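Examining the three-dimensional arrangement
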Amino acid sequence: MTVFRNTLFFALSTSVTACASSAPPSLYVLDLPAPTRASGAPDAAIGLFEVSLPAYARNPQITTMTDGATLFEDDDHRWANPPAEAISAALARSLEDSFDKPVVLKPYPRGLTPELQLSIAFDHFYRTPSGSAEFGGQFIIIEDDEITDIERFNITATPSNDSYRGYMQSVSAGLERLVDIIESKIEEPPLG
């Protein structure tokens, strides 16, 4: 019985010591464009639904595609904020900059339904071993409660280095590229 207690005590104290001595994870934030002074009447605002991410990309751990089919979630490197929130905020800031209009995230304030709304769903969103950001999916443009466009996109943004900080910079650059694609579709004249 004494041997069992000593072994149990040793196992517990070793695991507690290991937990206490491990370094906390590194947390990363997205680089956001400088805030614009976008303002205007509430009905001129652009509405943005919170982005939809695949299940693995909703986790705080940064996910790397290791061999084309295997995803690795790194417990030591994490998003500082929930990924969907961080990505939505970065897109909102870029949209404000591109359109020079305020962007309102859904759920909208009572009584406000913007004439132009965007819904973005990612079907993949991960880091490559070289640190690039790879993501794709589709966006839907809704004007006056009518769907006017549905477009697919695939973006790869290459960082200046393969660090996790470089990855977050490439995510920001890739999201700005996505906003450019969205802007080109909204500014296209209707056919007919």
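Okay, so let's go over this structure.

The rules behind each value
Residues numbered from 1 in each chain as written. Predicted model: local features only at pLDDT ≥ 70, side-chain atom pairs only at ≥ 80, totals over all residues. Heavy atoms only, no water. Patch = residues over 30% accessible without salt bridge, like charges linked within 9 Å, V, L, I, M, F, W, Y side chains within 5 Å. Areas by Shrake-Rupley, 256 points an atom, 1.4 Å probe, with all protein chains shown as cover. Salt bridge = Lys/Arg side-chain N within 4 Å of Asp/Glu carboxyl O. Lys, Arg positive; Asp, Glu negative; His and termini not counted. Charge placed at Lys NZ, Arg CZ, Asp CG, Glu CD. Helix = DSSP H or I, 4+ residues; strand = E, 2+ residues; numbered from the N terminus. Buried < 20%, exposed > 50% of the residue type's maximum accessible area, 1.4 Å probe, protein only. Core = buried A, V, L, I, M, F, W, Y, C linked by side-chain atoms within 4.5 Å. Phe/Tyr/Trp six-rings, centres within 6.5 Å; stacked < 30°, edge-to-face > 60°. Lys NZ or Arg CZ within 6 Å of the ring centre and 35° of its normal.

Let's shift gears to a negative patch on the surface. A cluster of acidic residues, Glu115, Glu143, Asp144, Asp145 and Glu146, forms a negative patch on the protein surface. Mapped onto the fold, Asp144 is located in the loop between β7 (133–143) and β8 (146–157). Asp144 sits in the exposed class, given a relative accessible area of 56%.

Turning our attention to unusual backbone geometry. Note the cis peptide between Lys106 and Pro107, where omega equals 10°. Relative to the elements of secondary structure, Pro107 occurs in the loop between β5 (103–105) and β6 (116–127). Phi is positive for Asp100, which is not a glycine, with a value near 55°. Mapped onto the elements of the fold, Asp100 is located in the loop between α2 (83–99) and β5.

We now examine the nonpolar core. Core analysis: the biggest nonpolar cluster contains 38 residues, and Trp79, Ile87, Ile120, Phe122 and Phe125 have the highest contact counts within it. Sorting the residues of this core by element identifies β2 (46–48), α2, β6, β7, β8 and α3 (164–187) as the ones contributing at least two each. At nine residues, α3 tops the list of elements feeding residues into this core.

Attention now goes to the pattern of salt bridges. Tallying each qualifying case throughout the model produces four salt bridges. The salt bridge involving Arg78 is made with Asp75; its shortest N-O contact spans 3.7 Å. Here Arg78 falls in the partly exposed class, since its relative accessible area comes to 23%. One salt bridge in this structure joins Asp123 and Arg152, with 2.3 Å as the shortest N-O distance. Note that Asp123 is positioned in strand β6 and Arg152 in strand β8, a separation of 29 residues in sequence.

Scanning the entire structure with this criterion turns up seven aromatic pairs. Where Phe139 meets Phe153, the ring centres are 6.2 Å apart and the plane angle is 25°; that geometry is what we call stacked. Of the two residues, Phe139 sits in strand β7 while Phe153 sits in strand β8, which places them 14 residues apart along the sequence. Note on Phe139: relative accessible area 0%, which makes it buried. Here Phe153 falls in the buried class, since its relative accessible area comes to 3%. One cation-aromatic arrangement involves Arg127 over Tyr164; the distance from NZ or CZ to the ring centre is 4.2 Å.

Taken by themselves, the reported measurements are silent on function.
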